[in-house]
Amino acid sequence: MKFGNTCCTLNVGGRRFSLSSETMKRLPLSRLSRLHRCVSETELLELCDDYDRDSNEFFFDRHSEAFSFIMLYLQHGKLRFVPHMCELSFYNEMLYWGLESADLQPCCQRRLDDRMSDCFVHFFPEEAPRSTNEPQSRWLERMRRTFEEPTSSVAAQILASVSVIFVVVSMVMLCASTLPDWMSAETLDQHRVIEAVCIGWFTAECIIRFLVSRDKCEFVCRPLNIIDLLVITPYYVSVTVTILTGENSQLQRAGVTLRVLRIMRIFWVIKLARHFLGLQTLGLTLRRCYREMVMLLVFICVAMAIFSALAQLLEHGLDLENGNQDYASIPAACWWVIISMTTVGYGDMYPVTVAGRVLGGLCVVSGIVLLALPITFIYHSFVQCYHELKVRSERCSHTLSADFIN
């Protein structure tokens, strides 16, 4: 829509705001900036609720007082909550116009964080409903939900239970194969049969999930699917090498690489994340709290550099001949710093001088303080992620109940 030099009127909840086209260009609100770039009335109606061509007036069915506070933020650079308005409702208005929580003043950000922690609410995007009018599309969508969402139907739950059983059997056989009593030829043959059956199930499941997926590229890029591929591939590599080189060839006897590939199957445990809410919560928390995790690692690295250098100096550097040989180098002292800061204390190396023991006490206390600082943020994020995933799971359970009744 070409505005020219005329003024535009924004009618937000019955309250009018007049803006020039140049002001609309400079506004940091993504919805209004996109509104200015529209070239047809159809595009306009995707961003606003109604449009009057004669008066060049745009209608938005939103909270007028919240928008007035947002306009004050654009003028003065400070965004605060509307008095007597729910923080979550105002945050929802911010998201609608294209603002984020970082635009709020620090005091209001704390109020929003506390409110979200109390209510366990996250604003996460809903999946857009896809049209499944054709019988084939409906069938593919039902197959996709059966394999991807374990709580979507009775068949999905049965399939998930069978998959969990195969994962458990595969893990048990992998652990048992390292026992000395399982080294006999008969036991190894039985183990190979069970292993082949488990790998066959996982391969078939992975292929079907790939075929019924909506976006093949997105499917391949998912972390869990990458793990599936990395765990399935070593089995076929080892079988191929066995066929090509023979069962007792020199390559097989010295096959360290094959043993490494075989042990990679332990990552099948991560497949349980598809079926257990706790593992999904852990993965989502780590993804959202990567800044806090990086901050935690930075704290540890800085403290490690300081305390290891001081420990090496006090325990060995001042007396090179009779000093504590466990602290002969700074890298060796780093190990002592790590086990001290995490309060593990194996006792394999410890300071013997008075100054070194004082430094050890400071190292332990500093480790407790530094490790505790980011834990609060990670804990709140974990709780929020758990309740968010729980809400999603309950939504799927409604579909499961309907299917069961039908």
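The model shown is predicted, which means the values in this text are computed figures rather than measured ones. (Residues numbered from 1 in each chain as written. Predicted model: local features only at pLDDT ≥ 70, side-chain atom pairs only at ≥ 80, totals over all residues. Heavy atoms only, no water.)

A closer look at the packing of aromatic side chains
Move 1: Throughout the structure, instances matching the rule amount to 11 aromatic pairs.
Move 2: Aromatic pair Phe 166 and Phe 202: ring centres 6.5 Å apart, planes at 75°, arrangement edge-to-face. Placement of the pair is Phe 166 in helix 8 (residues 154-176) and Phe 202 in helix 9 (residues 185-212), with a sequence separation of 36 residues. For the residue pair Phe 166 and Phe 202, the accessibility class agrees, reading buried in each case.
Move 3: Both rings, one in Tyr 327 and one in Trp 336, keep their centres 5.6 Å apart while their planes meet at 75°; by these two values the pair is edge-to-face. There is no split in this pair, since Tyr 327 and Trp 336 are both buried.
Move 4: Taken together, Phe 17, Phe 60, Phe 67, Tyr 96 and Trp 97 form an aromatic cluster joined through their ring pairs.
Move 5: Positioned above the aromatic ring of Tyr 96 is the side chain of Arg 62, whose terminal nitrogen or guanidinium carbon lies 4.0 Å from the ring centre.
Move 6: Its end group placed over the ring of Phe 210, Lys 216 keeps NZ or CZ at 5.9 Å from the ring centre. (Phe/Tyr/Trp six-rings, centres within 6.5 Å; stacked < 30°, edge-to-face > 60°. Helix = DSSP H or I, 4+ residues; strand = E, 2+ residues; numbered from the N terminus. Buried < 20%, exposed > 50% of the residue type's maximum accessible area, 1.4 Å probe, protein only. Lys NZ or Arg CZ within 6 Å of the ring centre and 35° of its normal.)

What about a nonpolar patch on the surface?
Move 1: Together, Phe 276, Leu 279, Leu 282, Leu 286, Met 293, Phe 382 and Tyr 386 make up a nonpolar patch on the protein surface, roughly 580 Å² of accessible area in all.
Move 2: Mapped onto the nonpolar patch, the elements with two or more residues apiece are helix 14 (277-288) and helix 18 (375-405).
Move 3: Here the nonpolar patch gets 3 residues from one element, more than from any other, and that element is helix 14.
Move 4: Mapped onto the elements, Met 293 comes out in helix 15 (residues 290-317).
Move 5: Among the residues examined, Met 293 registers a relative accessible area of 30% and is labelled partly exposed. (Patch = residues over 30% accessible without salt bridge, like charges linked within 9 Å, V, L, I, M, F, W, Y side chains within 5 Å. Areas by Shrake-Rupley, 256 points an atom, 1.4 Å probe, with all protein chains shown as cover. Salt bridge = Lys/Arg side-chain N within 4 Å of Asp/Glu carboxyl O.)

Quick notes on the pattern of salt bridges
Move 1: For the structure on display, the rule yields 4 salt bridges.
Move 2: A salt bridge links Arg 62 to Glu 93, with the shortest nitrogen-to-oxygen separation between them at 3.2 Å. Linking Arg 62 in the loop between strand 4 (57-60) and helix 4 (64-76) with Glu 93 in helix 5 (residues 87-97), this pair joins segments that are 31 residues apart in sequence.
Move 3: With a relative accessible area of 8%, Glu 93 lands in the buried category.
Move 4: Among the salt bridges present, the one from Glu 87 reaches Arg 111, with a minimum N-O distance of 2.8 Å. Linking Glu 87 in helix 5 with Arg 111 in helix 6 (residues 106-119), this pair joins segments that are 24 residues apart in sequence.

Some thoughts on the pairing of strand 2 (residues 15-20)
Move 1: Relative to strand 2, strand 1 (residues 7-12) runs antiparallel, the two sharing 6 bridges. What sits directly across from Asn 11, in strand 2, is Arg 16.
Move 2: Joining the antiparallel neighbours strand 1 and strand 2 is a turn of 2 residues, in which Gly 13 adopts a positive phi near 60°. (Pairing = 2+ DSSP bridges.)

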